[in-house]
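Structural overview
So you can see what is in the structure, the chains are spelled out below.
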Amino acid sequence: DAKTTQPTSMDCAEGRAANLPCNHSTISGNEYVYWYRQIHSQGPQYIIHGLKNNETNEMASLIITEDRKSSTLILPHATLRDTAVYYCIVSEFNNDMRFGAGTRLTVKP
Amino acid sequence: GAVVSQHPSRVICKSGTSVKIECRSLDFQATTMFWYRQFPKQSLMLMATSNEGSKATYEQGVEKDKFLINHASLTLSTLTVTSAHPEDSSFYICSARDRRMGGNQPQHFGDGTRLSIL
């Protein structure tokens, strides 16, 4: 069973920030939050991950609440190529990753 | 960045044929690789965990005699779908984690193999 809950779908205007929420209320102290995305007919692409602190890289920012029960992935300036299914996964040290249904993000012109 | 390569990317074959899919980590060593299956409009489902030099660990409901996994080196794992039937048609994806990095490092995924059984 997936340990995360995400909205089924979201729309975002091109050039705007896309904010994708994820609930993981049962997360344990050792579990990290990972975000991947999957563009049609391709393998998942790693985006970002974190434990407690907010993280930023060239692709996105990850905001984790203080109680760690939820997080938000932020794509600062969405483009049409960011249209994909976004998966939020919680996983412990060296463990496998189990995918939920994810959020289908559609970036519109 | 870390790259995982899968081959072939697409295969079409007749029912009853056995099909082998390769998963290679190109610029890192992977003690553990993972195999997933994805049906249309569904999410990825973990099939098995492949450990270098030992037997794979299969998820509940995945037939180990049907899906043979071999992880003979730190850069190669293979999945063989034996006596494939139309219901085995799916998108098969592998992933690997760089053993040199800490355990919290992300898995890197291949681009998948689309298997179609006629």
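Just above, that's the structure.
What counts and what doesn't
- Residues numbered from 1 in each chain as written.
- Chains lettered and ligands numbered in written order.
- Predicted model: local features only at pLDDT ≥ 70, side-chain atom pairs only at ≥ 80, totals over all residues.
- Heavy atoms only, no water.
- Helix = DSSP H or I, 4+ residues; strand = E, 2+ residues; numbered from the N terminus.
- Contact = heavy atoms within 4.5 Å.
- Areas by Shrake-Rupley, 256 points an atom, 1.4 Å probe, with all protein chains shown as cover.
- Buried < 20%, exposed > 50% of the residue type's maximum accessible area, 1.4 Å probe, protein only.
- Polar contact = N/O pair within 3.5 Å; in protein donor to acceptor, adjacent residues only side chain to side chain.
- Pairing = 2+ DSSP bridges.

Attention shifts here to the overall build of chain B. Secondary structure assignment for chain B yields zero helices and eleven strands. Along chain B, helices and strands appear, N-terminal first, in the series β-β-β-β-β-β-β-β-β-β-β. Counting only C-alpha atoms, chain B reaches 40 × 25 × 20 Å along its principal axes. Partitioning the intrachain contacts of chain B with sequence separation of at least 6 by distance along the chain shows that 55% fall at a separation of at least 24. Working note: accessible area of chain B is about 5800 Å², and carbon and sulfur atoms make up 49% of it.

All names here are of chain A. One can find His24 in the loop between β2 (18-23) and β3 (31-38). According to the relative accessible area criterion, His24 is buried, its value standing at 0%. Here the side chain of His24 touches Ser71 through a polar contact of 2.9 Å, side chain to side chain. Residues contacting His24, with those up to four places away along its chain left out, are Lys3, Thr4, Val33, Arg68, Lys69, Ser70, Ser71, Cys88 and Val90.

Take the pairing of strand β7 (residues 67-73) of chain B next. Working note: regular strand, side chains alternate between the two faces of the sheet. Residues and elements named next belong to chain B. Relative to strand β8 (residues 76-81), β7 runs antiparallel, the two sharing five bridges. Residue pairing across strands places Phe67 opposite Val81, the latter belonging to β8. Count of turn residues in the β7/β8 antiparallel hairpin: two residues.

Moving on, we come to the environment of Leu46 of chain B. By secondary structure assignment, the location of Leu46 of chain B is in strand β5 (residues 45-51). Along the primary structure Leu46 of chain B and Leu26 of chain B are separated by 20 residues, whereas in three dimensions their C-alpha atoms are 22 Å apart. With near-sequence residues (within four places) excluded, Leu46 of chain B lies in contact with Asp96 and Arg98 of chain A together with Phe34, Trp35, Tyr36 and Glu59 of chain B.

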